[in-house]
Amino acid sequence: MYQAKQKANDPAAEICQRVWMSIAEKRLRPGTRLKEEELAEIFQVNRARVRQALSILQSDGLVVIQPNRGAFVAEPSVDEARDVFHVRKLIEARIIERLAGRLSPEDFPRLEAHLAEEKAAMARGDTSEGIRLSGGFHMLLAELSGSDFLTVVLRDLISRSSLITAMYRDRHVSNCGPDEHEGLIRALRAGDIGAAQRSMREHLEHVEHELDLSEDGTAVRDLRQALL
Ligand SMILES: [Zn+2]
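Only a predicted model underlies this, so the values are computations on that prediction, with no experimental measurement involved. Along each chain, residue indices are assigned from 1 in the same order as the chain's sequence is written. For this predicted model, a pLDDT threshold of at least 70 governs which residues receive local features, and a threshold of 80 or more governs which side-chain atom pairs are given and counted, while totals over whole chains, interfaces and linings are taken from all residues. Computation of side-chain values: all heavy atoms of the structure, hydrogens and water removed.

Chemist: What should I look at first to understand the overall build of the protein in this one?
Modeler: Of regular secondary structure, the protein possesses ten helices and three strands. Here a helix means four or more residues in a row that DSSP labels H or I, a strand means two or more in a row labelled E, and each is numbered from the N terminus. Reading the helices (α) and strands (β) of the protein from amino to carboxyl end gives α-β-α-α-β-β-α-α-α-α-α-α-α. The cut-offs for exposure are 20% and 50% of the maximum accessible area for each residue type, with area from a 1.4 Å probe on protein chains only; residues under the lower value are buried, those over the upper are exposed, and the others partly exposed. For the protein, buried positions account for 48% of its 228 residues. Put simply, of all contacts in the protein between residues at least 6 apart along the chain, 78% involve residues at least 24 apart. A 1.4 Å probe and the Shrake-Rupley method give the accessible areas. Residues count as covered only by the protein chains that appear here. Carbon and sulfur atoms provide 48% of the accessible area of the protein, an area that totals close to 11,100 Å². Here, two residues are considered to be in contact whenever any of their heavy atoms come within 4.5 Å of each other.

Put into C-alpha cells, the structure is as follows:
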C-alpha cells in the first residue's frame, strides 16, 4: 500500500497513506483506536470507504480489527519484531543468491536512481518517505531476482518491519538507508555474491540492533491531532 505513490481520487488509498505517515512520524501510536465514524469525518468520506481502507491496512499488518471492538493500530511484539528480521535475513540471502548472474547492466541505473531518491528524502528529513523508500529498495532487489514468490513474501515482511521500525526506533532517520544500500550495490556490481550476502545480513542486523525495545508506547488517543 505505502510502497506505491498515493493515487489521486482514491479516498481509501489516501486514508492508508495518511495513517501510514502518521505512524512513521510517530504521531499515531501503536494501540490507538481508529474509529470509523471519526475517520469518516476527518477524511470527509463514507464509512464504507473507511472500512475499505482499514481492511487494506489490516492485510498489510498495520492495523488489527477486533470483533465488536473496532480497529486499532497494530502493536507488533518484541518477539514478532525479532521473528520478522530473522525471516528477512533468510529470504533476502536467497534473493541475493538468485540475483547472481541475473543482474544486467541496465538494472544498475534503476538501483542507483532509487538510491538517489532515498538520499534526497533523507536530506530533506522526510521520515515517512525515507522509510517507504528504504523498504522499496529491498522490494526492487526482490523484483530483479525474478521470483514472484519471494517478492510476495518479502512485501509482507517489509510492511511489518516498516511498522516495527516506525514504532521501535528512537531516532527519526532510518538506518536502513542509502549508505548501506550503496555498499550492497557495489558488491553486486563487482559480481561478488558472497560479499553482497554478507553486506545484506550485516545491514539487517544493524537495523534490528537499532530498535529501541524499551519504548513506553504512550498512545496518542486524539485521531484528529494525529492525522490532520
Ligand atoms: Zn535497507
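Chemist: Help me understand the layout of surface pockets in this model?
Modeler: Regions of empty space are outlined by a rolling probe, equal in size to a water molecule, passed over the atoms. Taken as a whole, the second largest pocket holds about 170 Å³ of empty space. Only protein atoms enter the 1 Å grid used here, on which a cavity is any set of points holding a 1.4 Å probe that cannot leave and a pocket is any open set flanked by protein within 12 Å on both sides along at least five of seven lines; residues with an atom within 4 Å of a point are listed as lining. Lining the second largest pocket, in full, are Arg33, Leu34, Lys35, Glu36, Glu37, Arg47, Arg51, Leu54, Ile65, Arg69, Gly70 and Ala71. Listed by contribution, the elements that provide at least two residues to the lining of the second largest pocket are strand S1 (33-34), helix H2 (36-43), helix H3 (47-59) and strand S3 (70-73). Among the elements that line the lining of the second largest pocket, the one with the most residues is H3, at three residues. Each residue gets one of three labels, nonpolar for Ala, Val, Leu, Ile, Met, Phe, Trp, Tyr, Cys and Pro, charged for Asp, Glu, Lys and Arg, and polar for the others, Gly among them. For the lining of the second largest pocket, the class distribution of residues is four nonpolar, one polar and seven charged. Grid points are joined across faces, edges and corners, and a volume is the space filled by probe spheres set on the points.

Chemist: Whenever I open this one, the packing of helix H1 (residues 11-24) against helix H7 (residues 148-168) confuses me. Can you help?
Modeler: For any two helices packed against each other, the geometry is given by the interaxial angle and the distance between the axes. With their axes 8 Å apart at the nearest point, H1 and H7 run at an angle of 40° to one another. Considered as vectors, H1 and H7 are oriented oblique to each other. Taking contact as the criterion, the partners of Trp20, Ile23 and Ala24 in H1 are, on H7, Ser162, Leu163 and Ala166. Residue classes in the contact of H1 with H7 are distributed as five nonpolar, one polar and no charged. Axis definition: a line fitted to C-alpha atoms, limited for helices to the stretch in contact. Angles are taken between N-to-C directions and run from 0 to 180 degrees. Between 65 and 115 degrees an angle is taken as roughly perpendicular, under 35 as roughly parallel, over 145 as roughly antiparallel, and anywhere else as oblique.

Chemist: What should I look at first to understand the pairing of S3 in this one?
Modeler: A regular strand places its side chains so that they alternate between the two faces of the sheet. Any two strands with at least two DSSP bridges between them are considered paired. Of the strand pairs in this sheet, S1 and S3 are connected by two bridges, and their pairing is antiparallel. Paired with Arg33 across the bridge in S3 is Phe72. Direction of pairing for strand S2 (residues 63-66) relative to S3: antiparallel, over a ladder of four bridges. The partner of Val63 across the bridge, within S3, is Val73.

Chemist: Help me understand the nonpolar core, please; the structure alone is not making it clear to me.
Modeler: Proteins that are soluble and globular tend to have nonpolar side chains buried together. We call a set of buried residues a nonpolar core when its members are Ala, Val, Leu, Ile, Met, Phe, Trp, Tyr or Cys and they connect through side-chain atoms within 4.5 Å of each other. Ranked by size, the top nonpolar core spans 64 residues in total, and within it Leu28, Leu34, Leu141 and Leu188 carry the most contacts. Considering each element in turn, this core owes the most residues, nine residues, to H7. Counting only domains with at least three residues in this core, you end up with domain 1 (11-75) and domain 2 (78-209). Sequence-distant contacts of Leu141, defined by excluding residues within four places in its chain, comprise Ile95, Leu99, Leu111, Leu184, Leu188 and Met200. Each domain's extent is set by a domain assignment, obtained either automatically or from a database.

Chemist: Is there a simple way to think about the environment of Met139 in this case?
Modeler: Within the secondary structure layout, Met139 lies in helix H6 (residues 127-144). According to the relative accessible area criterion, Met139 is buried, its value standing at 5%. For the pair formed by Met139 and Glu92, sequence separation is 47 residues and the distance between their alpha carbons is 9.9 Å.

Chemist: For this particular structure, what's the right way to read the confidence of the model for the protein?
Modeler: Detail in the predicted coordinates should be disregarded across regions flagged by low pLDDT. The predicted model of the protein has a mean per-residue pLDDT of 85, with 88% of residues at 70 or higher. Scored between 0 and 100, pLDDT is the confidence that the predictor attaches to each residue. This stretch, residues 1-7, has a pLDDT under 50; its non-local contacts, to residues over four places away or in other chains, come to 25 contacts. Predicted confidence for residues 215-219 stays below pLDDT 50, and this span has nine contacts to residues more than four positions away or in other chains.

Chemist: Explain the sheet that holds S2 here, please?
Modeler: Two orientations exist for strands paired in a sheet by backbone hydrogen bonds: parallel and antiparallel. Read across the open sheet, the three strands follow the order S1-S3-S2; overall the sheet is antiparallel. Two strands in the sheet have a free side with no partner beyond their single neighbour: S1 and S2.

Chemist: Would you mind going over the packing of helix H5 (residues 107-123) against helix H8 (residues 178-189) with me for this structure?
Modeler: At a minimum axis distance of 10 Å, the contact between H5 and H8 shows a crossing angle of 170°. It follows that H5 is roughly antiparallel to H8 by the angle criterion. Pair H5 / H8 crosses with left-handed handedness. Side by side, H5 and H8 meet where Phe108, Leu111, Glu112, Leu115, Glu118, Lys119 and Met122 of the first sit next to Pro178, His181, Glu182, Ile185, Leu188 and Arg189 of the second. Partitioned by chemical class, the residues of the contact of H5 with H8 number seven nonpolar, one polar and five charged. The hand of a helix crossing depends on one turn: near helix anticlockwise from the far one by less than a right angle means left-handed, and clockwise means right-handed.

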